[in-house]
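# Remarks on the overall topology
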Amino acid sequence: MYDPITMKLNVDKFILSALEEDISSEDVTTNAVMPDSVPGEVDLVCKEEGIICGLQVFARVFELLDEKTETVFFVKDGDKVKAGDLMGKVRGDIRVLLSGERTALNYLQRMSGIATYTNSIAKLLKGTGIKLLDTRKTSPNNRIFEKYAVRAGGGNNHRYNLSDGVLLKDNHIGAAGGVKEAIAMAKAYAPFVRKIEIEVENLDMVREAVEAGADIIMLDNMQPEEMKEAIQIIDKKAEIEISGNVTRESIQRLTGLGVDYISSGALTHSAPIMDISMKNLHQI
(Lines give C-alpha, C1' and ligand atoms only; values in the text may rest on other atoms or scores of the structure.)
Protein backbone atom coordinates (compact mmCIF):
# COMPACT_ATOMS: atom_id res chain seq x y z
CA MET A 1 0.00 0.00 0.00
CA TYR A 2 1.11 3.57 -0.61
CA ASP A 3 1.95 5.55 2.53
CA PRO A 4 0.29 9.00 2.95
CA ILE A 5 3.41 10.92 1.88
CA THR A 6 3.93 8.85 -1.27
CA MET A 7 0.23 9.18 -2.07
CA LYS A 8 0.19 12.97 -1.82
CA LEU A 9 3.53 13.65 -3.52
CA ASN A 10 3.80 10.96 -6.16
CA VAL A 11 0.43 9.31 -6.76
CA ASP A 12 -2.25 12.01 -6.52
CA LYS A 13 -0.75 14.06 -9.36
CA PHE A 14 -1.01 11.14 -11.80
CA ILE A 15 -4.59 10.33 -10.78
CA LEU A 16 -5.56 13.98 -11.16
CA SER A 17 -3.94 14.08 -14.58
CA ALA A 18 -5.92 10.99 -15.62
CA LEU A 19 -9.14 12.58 -14.38
CA GLU A 20 -8.36 15.79 -16.24
CA GLU A 21 -7.77 13.76 -19.39
CA ASP A 22 -11.25 12.24 -19.05
CA ILE A 23 -13.08 15.41 -17.93
CA SER A 24 -11.64 18.35 -19.85
CA SER A 25 -14.50 20.72 -18.99
CA GLU A 26 -17.48 18.73 -17.68
CA ASP A 27 -19.05 15.28 -17.70
CA VAL A 28 -21.86 16.14 -20.12
CA THR A 29 -23.68 12.80 -19.79
CA THR A 30 -23.72 12.76 -15.99
CA ASN A 31 -24.74 16.40 -15.72
CA ALA A 32 -27.62 15.71 -18.11
CA VAL A 33 -29.14 12.85 -16.09
CA MET A 34 -28.10 13.95 -12.59
CA PRO A 35 -28.15 17.76 -12.34
CA ASP A 36 -28.23 17.74 -8.51
CA SER A 37 -26.28 15.99 -5.79
CA VAL A 38 -27.97 12.73 -4.80
CA PRO A 39 -26.36 10.10 -2.52
CA GLY A 40 -25.88 6.69 -4.06
CA GLU A 41 -24.09 3.36 -3.78
CA VAL A 42 -22.50 1.05 -6.34
CA ASP A 43 -20.97 -2.45 -6.15
CA LEU A 44 -17.44 -3.35 -7.23
CA VAL A 45 -17.71 -6.75 -8.89
CA CYS A 46 -15.02 -9.12 -10.17
CA LYS A 47 -15.75 -10.75 -13.53
CA GLU A 48 -12.82 -13.19 -13.79
CA GLU A 49 -10.32 -15.04 -11.61
CA GLY A 50 -7.10 -13.30 -10.71
CA ILE A 51 -5.08 -11.33 -8.17
CA ILE A 52 -6.67 -8.04 -7.18
CA CYS A 53 -4.44 -4.98 -6.99
CA GLY A 54 -4.95 -1.22 -6.93
CA LEU A 55 -7.81 -0.90 -4.47
CA GLN A 56 -6.26 2.11 -2.76
CA VAL A 57 -5.85 3.89 -6.09
CA PHE A 58 -9.41 2.98 -7.09
CA ALA A 59 -10.77 4.58 -3.92
CA ARG A 60 -8.50 7.61 -4.23
CA VAL A 61 -9.99 8.51 -7.62
CA PHE A 62 -13.37 9.17 -6.01
CA GLU A 63 -11.86 10.86 -2.96
CA LEU A 64 -10.06 13.39 -5.17
CA LEU A 65 -13.36 14.22 -6.82
CA ASP A 66 -15.16 14.43 -3.47
CA GLU A 67 -13.43 13.80 -0.16
CA LYS A 68 -16.74 12.70 1.39
CA THR A 69 -16.89 9.59 -0.83
CA GLU A 70 -16.64 6.36 1.19
CA THR A 71 -15.30 3.05 -0.12
CA VAL A 72 -15.58 -0.24 1.74
CA PHE A 73 -13.60 -3.26 0.51
CA PHE A 74 -14.15 -6.92 1.29
CA VAL A 75 -10.77 -7.96 -0.16
CA LYS A 76 -7.24 -6.56 -0.04
CA ASP A 77 -4.45 -6.14 -2.58
CA GLY A 78 -2.79 -9.47 -3.34
CA ASP A 79 -5.92 -11.54 -2.65
CA LYS A 80 -7.07 -14.13 -5.15
CA VAL A 81 -10.56 -13.35 -6.44
CA LYS A 82 -12.97 -15.07 -8.82
CA ALA A 83 -15.82 -14.18 -11.16
CA GLY A 84 -18.88 -12.98 -9.30
CA ASP A 85 -17.08 -11.87 -6.13
CA LEU A 86 -18.41 -8.68 -4.55
CA MET A 87 -15.14 -6.90 -3.73
CA GLY A 88 -16.47 -3.66 -2.30
CA LYS A 89 -18.98 -0.84 -2.32
CA VAL A 90 -18.60 2.86 -3.06
CA ARG A 91 -20.96 5.41 -1.50
CA GLY A 92 -21.23 9.10 -2.31
CA ASP A 93 -22.61 11.70 -4.67
CA ILE A 94 -23.90 9.77 -7.69
CA ARG A 95 -22.32 12.38 -9.97
CA VAL A 96 -18.93 11.56 -8.49
CA LEU A 97 -19.49 7.80 -8.84
CA LEU A 98 -20.39 8.20 -12.51
CA SER A 99 -17.63 10.67 -13.41
CA GLY A 100 -14.85 8.72 -11.69
CA GLU A 101 -15.94 5.24 -12.76
CA ARG A 102 -13.85 4.79 -15.88
CA THR A 103 -10.63 6.24 -14.48
CA ALA A 104 -10.92 4.22 -11.27
CA LEU A 105 -11.57 1.00 -13.17
CA ASN A 106 -8.75 1.67 -15.64
CA TYR A 107 -6.27 1.70 -12.77
CA LEU A 108 -7.79 -1.29 -11.00
CA GLN A 109 -8.07 -3.43 -14.14
CA ARG A 110 -4.54 -2.63 -15.31
CA MET A 111 -2.89 -3.15 -11.93
CA SER A 112 -4.83 -6.36 -11.27
CA GLY A 113 -3.88 -7.68 -14.70
CA ILE A 114 -0.19 -7.10 -13.99
CA ALA A 115 -0.46 -8.67 -10.52
CA THR A 116 -2.25 -11.68 -11.98
CA TYR A 117 0.27 -12.23 -14.78
CA THR A 118 3.22 -11.71 -12.43
CA ASN A 119 1.75 -14.21 -9.97
CA SER A 120 1.45 -16.85 -12.69
CA ILE A 121 5.18 -16.55 -13.42
CA ALA A 122 6.26 -16.20 -9.78
CA LYS A 123 4.62 -19.55 -9.08
CA LEU A 124 6.94 -21.18 -11.63
CA LEU A 125 9.95 -19.91 -9.67
CA LYS A 126 8.71 -20.97 -6.24
CA GLY A 127 11.37 -22.92 -4.37
CA THR A 128 14.16 -22.11 -6.85
CA GLY A 129 15.67 -19.19 -4.92
CA ILE A 130 15.49 -17.06 -8.08
CA LYS A 131 14.01 -13.57 -7.75
CA LEU A 132 11.61 -12.46 -10.47
CA LEU A 133 12.25 -8.86 -11.52
CA ASP A 134 10.38 -6.32 -13.59
CA THR A 135 12.01 -3.76 -15.93
CA ARG A 136 11.54 -0.11 -16.96
CA LYS A 137 9.25 -1.23 -19.81
CA THR A 138 6.24 0.46 -18.27
CA SER A 139 3.60 2.70 -19.82
CA PRO A 140 4.45 6.43 -19.47
CA ASN A 141 3.37 8.01 -16.18
CA ASN A 142 2.11 4.68 -14.84
CA ARG A 143 5.35 3.24 -13.48
CA ILE A 144 4.49 3.86 -9.83
CA PHE A 145 1.28 1.87 -10.31
CA GLU A 146 2.68 -0.91 -12.48
CA LYS A 147 5.75 -1.63 -10.36
CA TYR A 148 3.58 -1.78 -7.24
CA ALA A 149 1.35 -4.28 -9.04
CA VAL A 150 4.38 -6.48 -9.75
CA ARG A 151 5.10 -6.64 -6.01
CA ALA A 152 1.46 -7.40 -5.21
CA GLY A 153 1.66 -10.34 -7.62
CA GLY A 154 4.75 -11.82 -5.95
CA GLY A 155 7.49 -10.28 -8.08
CA ASN A 156 10.29 -7.85 -7.23
CA ASN A 157 11.23 -4.45 -8.60
CA HIS A 158 14.42 -3.85 -10.55
CA ARG A 159 15.59 -0.22 -10.47
CA TYR A 160 12.72 2.27 -10.49
CA ASN A 161 14.31 4.76 -12.89
CA LEU A 162 17.63 5.92 -14.34
CA SER A 163 18.63 7.60 -11.07
CA ASP A 164 18.19 4.37 -9.15
CA GLY A 165 21.24 2.40 -10.23
CA VAL A 166 23.86 1.64 -12.89
CA LEU A 167 22.89 -0.71 -15.70
CA LEU A 168 25.32 -0.66 -18.61
CA LYS A 169 23.53 -1.84 -21.75
CA ASP A 170 24.82 -2.38 -25.29
CA ASN A 171 24.69 1.28 -26.31
CA HIS A 172 26.39 2.42 -23.09
CA ILE A 173 29.15 -0.09 -23.80
CA GLY A 174 29.42 1.19 -27.36
CA ALA A 175 29.58 4.78 -26.18
CA ALA A 176 32.31 3.97 -23.66
CA GLY A 177 34.39 1.93 -26.09
CA GLY A 178 34.02 -1.51 -24.55
CA VAL A 179 33.00 -3.58 -21.55
CA LYS A 180 36.07 -2.90 -19.42
CA GLU A 181 36.00 0.79 -20.24
CA ALA A 182 32.31 1.13 -19.38
CA ILE A 183 32.70 -0.63 -16.02
CA ALA A 184 35.79 1.41 -15.11
CA MET A 185 34.02 4.67 -15.94
CA ALA A 186 30.94 3.65 -13.96
CA LYS A 187 33.04 2.72 -10.94
CA ALA A 188 34.82 6.07 -11.11
CA TYR A 189 31.61 8.10 -11.41
CA ALA A 190 28.86 6.35 -9.50
CA PRO A 191 28.54 6.66 -5.69
CA PHE A 192 30.15 3.73 -3.88
CA VAL A 193 26.74 2.51 -2.68
CA ARG A 194 25.67 1.79 -6.27
CA LYS A 195 26.19 -1.68 -7.67
CA ILE A 196 27.48 -1.88 -11.22
CA GLU A 197 25.40 -4.12 -13.48
CA ILE A 198 26.28 -4.82 -17.09
CA GLU A 199 24.41 -6.51 -19.92
CA VAL A 200 26.43 -9.02 -21.96
CA GLU A 201 25.55 -10.90 -25.13
CA ASN A 202 28.42 -13.38 -25.59
CA LEU A 203 31.10 -15.24 -23.66
CA ASP A 204 33.88 -12.80 -24.51
CA MET A 205 31.85 -10.01 -22.92
CA VAL A 206 31.23 -12.25 -19.89
CA ARG A 207 34.99 -12.72 -19.39
CA GLU A 208 35.63 -8.98 -19.69
CA ALA A 209 32.86 -8.17 -17.23
CA VAL A 210 34.25 -10.60 -14.65
CA GLU A 211 37.81 -9.26 -15.04
CA ALA A 212 36.59 -5.66 -14.72
CA GLY A 213 34.77 -6.42 -11.46
CA ALA A 214 31.08 -6.02 -12.35
CA ASP A 215 28.77 -6.63 -9.40
CA ILE A 216 25.91 -8.08 -11.48
CA ILE A 217 26.18 -9.62 -14.95
CA MET A 218 23.03 -9.79 -17.04
CA LEU A 219 23.00 -12.59 -19.63
CA ASP A 220 20.89 -11.15 -22.41
CA ASN A 221 19.18 -13.32 -25.02
CA MET A 222 21.62 -16.22 -24.62
CA GLN A 223 20.79 -19.82 -25.45
CA PRO A 224 20.69 -22.27 -22.48
CA GLU A 225 24.00 -23.97 -23.34
CA GLU A 226 25.75 -20.63 -23.67
CA MET A 227 24.26 -19.53 -20.36
CA LYS A 228 25.63 -22.60 -18.64
CA GLU A 229 29.13 -21.81 -19.90
CA ALA A 230 28.77 -18.17 -18.90
CA ILE A 231 27.76 -19.18 -15.38
CA GLN A 232 30.88 -21.34 -15.12
CA ILE A 233 33.03 -18.41 -16.24
CA ILE A 234 31.45 -16.08 -13.69
CA ASP A 235 31.98 -18.71 -10.97
CA LYS A 236 30.18 -16.72 -8.23
CA LYS A 237 32.39 -13.65 -8.79
CA ALA A 238 29.24 -11.67 -9.57
CA GLU A 239 25.51 -12.05 -9.21
CA ILE A 240 23.76 -13.30 -12.36
CA GLU A 241 20.60 -12.03 -14.01
CA ILE A 242 18.92 -13.56 -17.05
CA SER A 243 16.92 -11.36 -19.39
CA GLY A 244 15.56 -11.27 -22.92
CA ASN A 245 12.15 -12.47 -24.11
CA VAL A 246 11.33 -14.09 -20.77
CA THR A 247 7.68 -15.16 -20.70
CA ARG A 248 5.49 -17.63 -18.85
CA GLU A 249 6.09 -20.11 -21.67
CA SER A 250 9.91 -19.86 -21.71
CA ILE A 251 10.79 -19.41 -18.05
CA GLN A 252 10.71 -23.07 -16.99
CA ARG A 253 13.80 -23.93 -19.03
CA LEU A 254 15.75 -21.29 -17.06
CA THR A 255 14.96 -22.37 -13.50
CA GLY A 256 17.64 -25.02 -13.17
CA LEU A 257 20.62 -22.90 -14.18
CA GLY A 258 21.45 -21.60 -10.70
CA VAL A 259 21.14 -17.86 -11.36
CA ASP A 260 20.09 -15.13 -8.94
CA TYR A 261 17.54 -13.15 -10.93
CA ILE A 262 15.27 -13.43 -13.94
CA SER A 263 13.89 -10.18 -15.33
CA SER A 264 10.93 -9.88 -17.64
CA GLY A 265 9.54 -6.82 -19.39
CA ALA A 266 6.42 -8.85 -20.16
CA LEU A 267 5.27 -8.43 -16.55
CA THR A 268 4.29 -4.86 -17.32
CA HIS A 269 4.14 -4.50 -21.08
CA SER A 270 2.23 -7.68 -21.98
CA ALA A 271 -0.11 -8.40 -19.07
CA PRO A 272 -3.80 -8.36 -20.11
CA ILE A 273 -6.20 -6.39 -17.96
CA MET A 274 -8.47 -8.13 -15.46
CA ASP A 275 -12.20 -7.72 -16.09
CA ILE A 276 -13.79 -5.75 -13.24
CA SER A 277 -17.02 -3.73 -13.19
CA MET A 278 -19.01 -1.27 -11.12
CA LYS A 279 -22.61 -2.53 -11.05
CA ASN A 280 -26.00 -1.92 -9.46
CA LEU A 281 -25.72 1.85 -8.97
CA HIS A 282 -28.73 3.10 -7.00
CA GLN A 283 -29.86 6.02 -4.89
CA ILE A 284 -29.75 5.69 -1.08
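Look a little higher up for the structure.
Residues numbered from 1 in each chain as written. Predicted model: local features only at pLDDT ≥ 70, side-chain atom pairs only at ≥ 80, totals over all residues. Heavy atoms only, no water.

Here we take up the nonpolar core. Across soluble globular proteins, nonpolar side chains show a tendency to be buried alongside one another. Counting 79 residues, the largest nonpolar core has Ile198, Ile217 and Leu219 as its most contacted members. Here this core takes twelve residues from helix H4 (residues 94-122), the largest share from any one element. Those residues within four positions of Ile217 in sequence are excluded, and the remaining contacts are Ile198, Val200, Val206, Ala209, Val210, Ile234, Ala238, Glu239, Ile240 and Glu241. (Core = buried A, V, L, I, M, F, W, Y, C linked by side-chain atoms within 4.5 Å. Buried < 20%, exposed > 50% of the residue type's maximum accessible area, 1.4 Å probe, protein only. Helix = DSSP H or I, 4+ residues; strand = E, 2+ residues; numbered from the N terminus. Contact = heavy atoms within 4.5 Å.)

Attention now goes to the sheet that holds strand S6 (residues 131-133). Spatial ordering of the open sheet is given by S6-S11-S10-S9-S8-S7, a layout of six strands whose pairing is parallel. Edge positions in the sheet fall to S6 and strand S7 (166-168), since each of these pairs with one other strand and no more. Strand-to-strand twist of the sheet, defined as the mean angle between neighbouring strand axes without regard to direction, takes the value 25 degrees. Both strand S8 (residues 196-200) and strand S9 (residues 216-220) contribute to a ladder of four bridges, which runs parallel. When the bridges of S9 are listed, Glu199 appears paired with Met218. (Pairing = 2+ DSSP bridges. Axes fitted to C-alpha atoms, helices over the stretch in contact; angles between N-to-C directions.)

The next subject is the state of the cysteines. Enumeration according to the criterion identifies zero disulfides in this entry. Cys53 provides the cysteine sulfur closest to Cys46, a residue in no disulfide bond, and the two sulfurs are 13 Å apart. Given a relative accessible area of 1%, Cys46 falls into the buried group. Here Cys53 falls in the buried class, since its relative accessible area comes to 0%. (Disulfide = S-S within 2.5 Å.)

Attention shifts here to the sheet that holds strand S12 (residues 276-283). Pairing is antiparallel across the open sheet formed by four strands, whose spatial order is S3-S5-S1-S12. Whereas interior strands pair on both sides, the edge strands pair on one side only; in this sheet they are strand S3 (70-73) and S12. On average, adjacent strands in this sheet sit at an angle of 20 degrees to one another, irrespective of strand direction. Bridging between S3 and strand S5 (residues 86-93) involves four bridges; their strand directions are antiparallel. From the neighbouring strand, Val72 faces S5, where its bridge partner is Lys89. Packed onto the sheet, helix H3 (residues 55-65) meets strand S1 (39-46), S3, S5 and S12 and runs at close to 160 degrees relative to S3.

Along the chain, Arg143 turns up in helix H5 (residues 143-152). Of the side chains with opposite charge, Glu146 comes closest to the buried, unpaired Arg143, at an N-O distance of 6.9 Å. In this structure the side chain of Arg143 is engaged in a polar contact, spanning 2.9 Å, whose partner is the side chain of Thr138. Apart from residues no more than four positions distant in its own chain, Arg143 is found in contact with Arg136, Thr138, Tyr160 and Asn161. (Lys, Arg positive; Asp, Glu negative; His and termini not counted. Salt bridge = Lys/Arg side-chain N within 4 Å of Asp/Glu carboxyl O. Polar contact = N/O pair within 3.5 Å; in protein donor to acceptor, adjacent residues only side chain to side chain.)

A few words on the packing of aromatic side chains. Going through the model one piece at a time under the given rule, you end up with five aromatic pairs. The interplanar angle of 40 degrees and the centroid separation of 5.0 Å between the aromatic rings of Tyr2 and Tyr148 together place this pair among those described as tilted. Residue Tyr2 is located in the segment before helix H1 (4-22), and its partner Tyr148 is located in helix H5; the two are separated by 146 residues in the primary sequence. Each member of the pair, Tyr2 together with Tyr148, is buried. Linked through ring pairs, Phe14, Tyr107 and Phe145 together constitute an aromatic cluster. (Phe/Tyr/Trp six-rings, centres within 6.5 Å; stacked < 30°, edge-to-face > 60°.)

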